[in-house]
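What the coordinates show
Chain by chain, the residues:
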Amino acid sequence: MGLALGGGAARGYAHLGILKTLESNDIPIDCIAGTSMGAVMGGLYAWFGNIRETVDHMRRFLSNSETVNLAVYRRIIESEKKQANIVDNLTAFVRKGILYGKALTSKSVVDPDIFHEAFRALVPDVDIRDTRIPFGAIASDIVTGEELMITGGSLRKALMASSAIPGIYPPVETGEMILIDGGWTNKIPVEPCFQLGATEVIASCVSREMEDTRDFDKAMEIIARSNAVSTNRLGELQKRNAALVLEPELSDIHWADFSRFDDSMEAGFICAEENLDRIIKVAARAKWQRWIKSKKKYIREITL
């Protein structure tokens, strides 16, 4: 059984709660594909191989890192009362001038040195091919517009690329490619799980759906809403082949509030426990279908 972990920034901690339920019920995971924060949580779990070590590692990182309390996150949270999705928020912040200066003078709001230092502390310097569970991180090449799955080379560099939210974090440049957050081409990496060999896939979706609004009086509001419609539709299409889609209740957690680790993880745990019977049925089907291996290549795989 494959696990597809979607992006959602701070809400992505919920993936660990789902993994905790799977592990405690001895439900095997044959492979993991992750986008953005889903790649970070999935990649760490694939490396450590169990939830205890993964959570302990995350707690040490959060307790020692200043990254989660960056002023830019506080400004984003305080300036936007609605718990909208990342694309909506970024457009609103630029419109309000909150990120305008940085957007004109540099590639990212978060300084590259801070971003790199955080990932040096967060992600072991290991090769993806050495993870205990087969793993792929989704990234987007803004040069070609291509969706890519990183299945070899530096785990740290792969997770940096997959979670490089445009405008917030610096892109990862390698060769002729400029890699950004995988969510811009694949929000819920279900098909990549099949490419990794899964016969059944459970998707974990932690990003918010579109806000219910009629506030379309200005051109920027119409542009932002149109972008939200497009990204939402992309996500719906990409998760339709999943055997089960888990959607933890995260409405009170802002995507930029990286301090709410326990709350997000608990939401994922509750969601998985409530759907445990359905999860077990999917896992049972996958067990008897393991002799079936997908040969179709959905996207290009690369090594960093």
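Please refer to the structure placed before this passage.
Below you will find a few notes about this structure. A quick note: this is a predicted structure, and the numbers were derived from the prediction, not measured. Per-chain numbering applies: the sequence of each chain, read as written, is numbered from 1 onward. Reporting in this predicted model follows two pLDDT cut-offs: at least 70 for local features of residues, and 80 or more for side-chain atom pairs to be given and counted; totals over whole chains, interfaces and linings ignore these cut-offs and use all residues. Remark: hydrogens and water are excluded; side-chain values derive from all non-hydrogen atoms of the structure.

With that out of the way, let us pick up the pattern of salt bridges. We count a salt bridge whenever a side-chain nitrogen from Lys or Arg sits within 4 Å of a carboxyl oxygen from Asp or Glu. Under the counting rule described, the total for this entry stands at 9 salt bridges. The residue R129 makes a salt bridge to D127 at a minimum N-O spacing of 2.8 Å. Among the salt bridges present, the one from R285 reaches E200, with a minimum N-O distance of 3.3 Å. Here R285, found in helix α12 (residues 276-288), pairs with E200, found in the loop between α9 (190-195) and β7 (201-204); they are 85 residues apart in sequence, far enough to count as distant. Judged by its relative accessible area of 39%, R285 falls in the partly exposed class. Relative accessible area decides the class of each residue, using a 1.4 Å probe on protein chains only: under 20% of the type maximum gives buried, over 50% gives exposed, and in between gives partly exposed. Judged by relative accessible area, which is 13%, E200 ranks as buried. Via salt bridges that share partners, D252, R260 and D263 belong to a single interconnected network. Runs of H or I in DSSP of at least four residues are treated as helices and runs of E of at least two as strands, each being numbered from the N terminus.

One non-glycine residue, A9, lies in the positive phi region at around 55 degrees. Mapped onto the fold, A9 is located in the loop between β1 (2-5) and α1 (14-24). One non-glycine residue, S36, lies in positive phi territory at about 55 degrees. Residue placement: S36 occurs in the loop between β2 (31-35) and α2 (37-48).

This next bit is on the side chain of D181. Mapped onto the elements, D181 comes out in strand β6 (residues 177-181). His residues and chain termini do not enter the charge count, which takes Lys and Arg as positive and Asp and Glu as negative. For the buried D181, no salt bridge exists, and the shortest N-O distance to an oppositely charged side chain is 8.5 Å, to K187. Within the local environment of D181, its side chain forms a polar contact with the backbone nitrogen of G183, the two atoms lying 2.6 Å apart. Each polar contact in these results corresponds to two N or O atoms within 3.5 Å; when the atoms are within protein, one needs to be able to donate a hydrogen and the other to accept it, and residues that are neighboring in sequence are counted only if both atoms are side-chain atoms.

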